[in-house]
Amino acid sequence: MNQLFLYKFSRMDLEQFAMFEENYSCEVNEVEFQTDAQFSFDKSNNVLCSKIIVYMLQDTKPLVKAELRSFFNIKQESIEQIRKDDKITFTPALLVQFASLCYGSMRGVLFTKTMGTPMNSFILPPTYFGNIIDKSFVVEV
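Keep in mind the model is a prediction, meaning the values are calculated, not measured. (Residues numbered from 1 in each chain as written. Predicted model: local features only at pLDDT ≥ 70, side-chain atom pairs only at ≥ 80, totals over all residues. Heavy atoms only, no water.)

Participant: Where do I start with the sheet that holds strand β3 (residues 47-58) in this structure?
Facilitator: To summarise the sheet geometry, strands pair through backbone hydrogen bonds and adopt either a parallel or an antiparallel arrangement. Reading across from one edge, β1-β4-β3-β2 is the order of the four strands in this open sheet, with antiparallel pairing throughout. Edge strands, defined here as strands with exactly one partner in the open sheet, are β1 (7-19) and β2 (32-42). Taken over all neighbouring pairs, the strand axes of this sheet differ in orientation by 15° on average, direction set aside. Pairing between β2 and β3: 11 bridges, direction antiparallel. When the sheet's bridge partners are listed, A37 is paired in β3 with I52. Sitting on the sheet, helix α2 (residues 92-113) is in contact with β1, β2, β3 and β4 (61-74), with an inclination near 135° to β4. (Pairing = 2+ DSSP bridges. Helix = DSSP H or I, 4+ residues; strand = E, 2+ residues; numbered from the N terminus. Axes fitted to C-alpha atoms, helices over the stretch in contact; angles between N-to-C directions. Contact = heavy atoms within 4.5 Å.)

Written out as structure tokens, the structure is:
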């Protein structure tokens, strides 16, 4: 793809946020994060949704669960660049970009929503989605 891929960030929805302070133990100084990335595409409006789901765990007990969706309006000209026959193919490189933008927002959401709690001392670490996303997202049109 040699042309610019044009899109505009349109909105975010914090779909779910749950905190389980009763599971927190001050005797354990470490937590584990599990992250999942999902994508969907609204063909009628050319809107890609990147969804990031994060679990913060301590000794396998959940401390936080958060789901954030970020929506991106994609220019029709850019859709035509990735359309072939009856399929629109979002390559891993494109998906990494959208997942990274959503994940960065999730880092801020977690920091803000956990203020005043013991979970605020644990920061969601940076993640390079290029090591995670290795398949295209193909949409039938």
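Participant: In this structure, what is going on with the pattern of salt bridges? I would like to understand it.
Facilitator: Charged atoms that come close allow side chains of opposite charge to pair. Considering all chains together, one arrives at seven salt bridges under this definition. When the shortest N-O distance is used, the salt bridge between D13 and R11 registers 3.3 Å. Looking at D13, the relative accessible area reads 24%, which means it is partly exposed. Of the charged contacts in the structure, one is a salt bridge between K51 and E15, with a shortest N-O distance of 3.0 Å. Within this pair, whereas K51 is found in strand β3, its partner E15 is found in strand β1, the two being separated by 36 residues in sequence. K51 sits in the buried class, given a relative accessible area of 17%. The class of E15 is partly exposed, set by a relative accessible area of 37%. (Salt bridge = Lys/Arg side-chain N within 4 Å of Asp/Glu carboxyl O. Buried < 20%, exposed > 50% of the residue type's maximum accessible area, 1.4 Å probe, protein only.)

Participant: For this particular structure, what's the right way to read the side chain of S70?
Facilitator: You can see S70 is positioned in strand β4. Taking the relative accessible area as the measure of exposure, S70 reaches 0% and is therefore buried. Beyond its immediate stretch of four places on either side in the chain, S70 contacts F9, R11, M12, L48, C49, S50 and C102.

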